[in-house]
Amino acid sequence: MKIFSLLFSYIRDHKIKGDYLEFGVARGNSFVKNYHISRTRGVTWMRYFAFDSFRGLPLFKWIDKSFSLFKQGMYSYSREEFLGFVRSHGVKEKDMVVVEGFYKDSLTDEVKRRHSLEKAAVILIDCDLYESARQALDFCTSLIQDGTAIYFDDFAVFGGS
């Protein structure tokens, strides 16, 4: 995607330090693409965090129940399928951190401490659901700095709300 070429050039040119965080990696298509785009743009300092339940979408709550485009369990790819896909497409394991679990359980301060996660340069929210996106953003609040780029994959799906 052209937007990510521009985004990683911006990160490079402005020397934005921090990590790449993708919420909702599924099989890993955008994770792989953005890994390679960042590398070709000279952004070599970041780690790549993949957050996913690897069990598909969670049980829908309140606002998400009224939207029928998505279904519980959609986008269910196992951790092993994800890792196999990204490895086969050249993502180096030493550059990647995988955090598995539904966000209400897995997005904790302990994850930040364990991985010395202090700043985000790029945050990609591809959660498909309001509740999951809110949980991801809550987790990221302390990681956002001047220059952090936040991309919402499903922005138009809900009419921008």
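Just so it is clear, the structure is predicted and the values come from calculations on it, not from any experiment.

What counts and what doesn't
- Residues numbered from 1 in each chain as written.
- Predicted model: local features only at pLDDT ≥ 70, side-chain atom pairs only at ≥ 80, totals over all residues.
- Heavy atoms only, no water.
- Phe/Tyr/Trp six-rings, centres within 6.5 Å; stacked < 30°, edge-to-face > 60°.
- Helix = DSSP H or I, 4+ residues; strand = E, 2+ residues; numbered from the N terminus.
- Buried < 20%, exposed > 50% of the residue type's maximum accessible area, 1.4 Å probe, protein only.
- Core = buried A, V, L, I, M, F, W, Y, C linked by side-chain atoms within 4.5 Å.
- Contact = heavy atoms within 4.5 Å.
- Lys, Arg positive; Asp, Glu negative; His and termini not counted.
- Salt bridge = Lys/Arg side-chain N within 4 Å of Asp/Glu carboxyl O.
- Polar contact = N/O pair within 3.5 Å; in protein donor to acceptor, adjacent residues only side chain to side chain.
- Pairing = 2+ DSSP bridges.
- Axes fitted to C-alpha atoms, helices over the stretch in contact; angles between N-to-C directions.
- Arc of directions from axis to C-beta.

Caption draft 1: Structural view of the packing of aromatic side chains. Here the structure, examined in full by the defined rule, presents twelve aromatic pairs. Consider the rings of Phe-23 and Tyr-103, whose centres lie 5.8 Å apart with planes at 85 degrees: the pair is edge-to-face. Of the two residues, Phe-23 is situated in strand β1 (residues 19–23) and Tyr-103 in helix α5 (residues 103–106); the sequence distance between them amounts to 80 residues. Of the residues examined, Tyr-103 reaches a relative accessible area of 10% and is grouped as buried.

Caption draft 2: Expanded view of the nonpolar core. Core analysis: the biggest nonpolar cluster contains 27 residues, and Phe-8, Phe-31, Met-46 and Phe-82 have the highest contact counts within it. Contacts of Phe-8, omitting those with residues within four sequence positions, involve Tyr-20, Asn-34, Ile-37, Ser-38, Arg-41, Val-43, Met-46 and Val-122. Counting 19 residues, the second-largest nonpolar core is a separate cluster that includes Leu-21, Tyr-103, Ile-123 and Phe-139.

Caption draft 3: Just the side chain of Glu-22, in detail. With respect to the secondary-structure elements, Glu-22 resides in strand β1. Buried and without a salt bridge, Glu-22 has Lys-33 as its closest oppositely charged side chain, separated by 10 Å. Side chain to side chain, Glu-22 and Tyr-20 meet in a polar contact 2.5 Å long. With sequence-adjacent residues up to four places away left out, Glu-22 is seen in contact with Ser-30, Phe-31, Asn-34, Phe-49, Ala-50, Phe-51 and Leu-124.

Caption draft 4: Geometry of the pattern of salt bridges. Across all of its chains, the model carries eleven salt bridges by this definition. Between Asp-105 and Lys-104 there is a salt bridge whose closest N-O contact spans 3.2 Å. The pair formed by Asp-105 and Lys-104 is uniform in burial state, with each residue classed as exposed.

Caption draft 5: Structural context of the sheet that holds strand β4 (residues 120–125). Spatially, five strands are ordered β3-β2-β1-β4-β5 in an open sheet, and the strand pairing comes out parallel. Two strands in the sheet have a free side with no partner beyond their single neighbour: β3 (96–100) and β5 (149–152). Taken pair by pair, the neighbouring strands of this sheet meet at an average axis angle of 15 degrees, ignoring direction. Judged from the four bridges that link them, β1 and strand β2 (residues 48–52) form a sheet pairing that is parallel. Directly across from Glu-22, in β2, lies its bridge partner Ala-50.

Caption draft 6: Structural view of the environment of Glu-93. Considering the arrangement of structural elements, one finds Glu-93 in the loop between α4 (79–88) and β3. Residues Glu-93 and Tyr-48 lie 45 residues apart in sequence; the distance between their C-alpha atoms is 9.5 Å.

Caption draft 7: View of unusual backbone geometry. We note that Ala-26 has phi near 50 degrees; this positive angle belongs to a residue other than glycine. Residue placement: Ala-26 occurs in the loop between β1 and α2 (29–40).

Caption draft 8: View of α4. Listed in full, the buried residues belonging to α4 are Phe-82, Leu-83, Phe-85 and Val-86. End-on view of α4: buried residues confined to an arc of 165 degrees, all on one side of the axis. Exposed positions of α4 whose direction lies more than 90 degrees from the buried face are Glu-80 and Ser-88. Close packing links the buried residues of α4 with α2, β2 and β3. Just beyond α4, the residue with positive phi is Gly-90, at close to 85 degrees.

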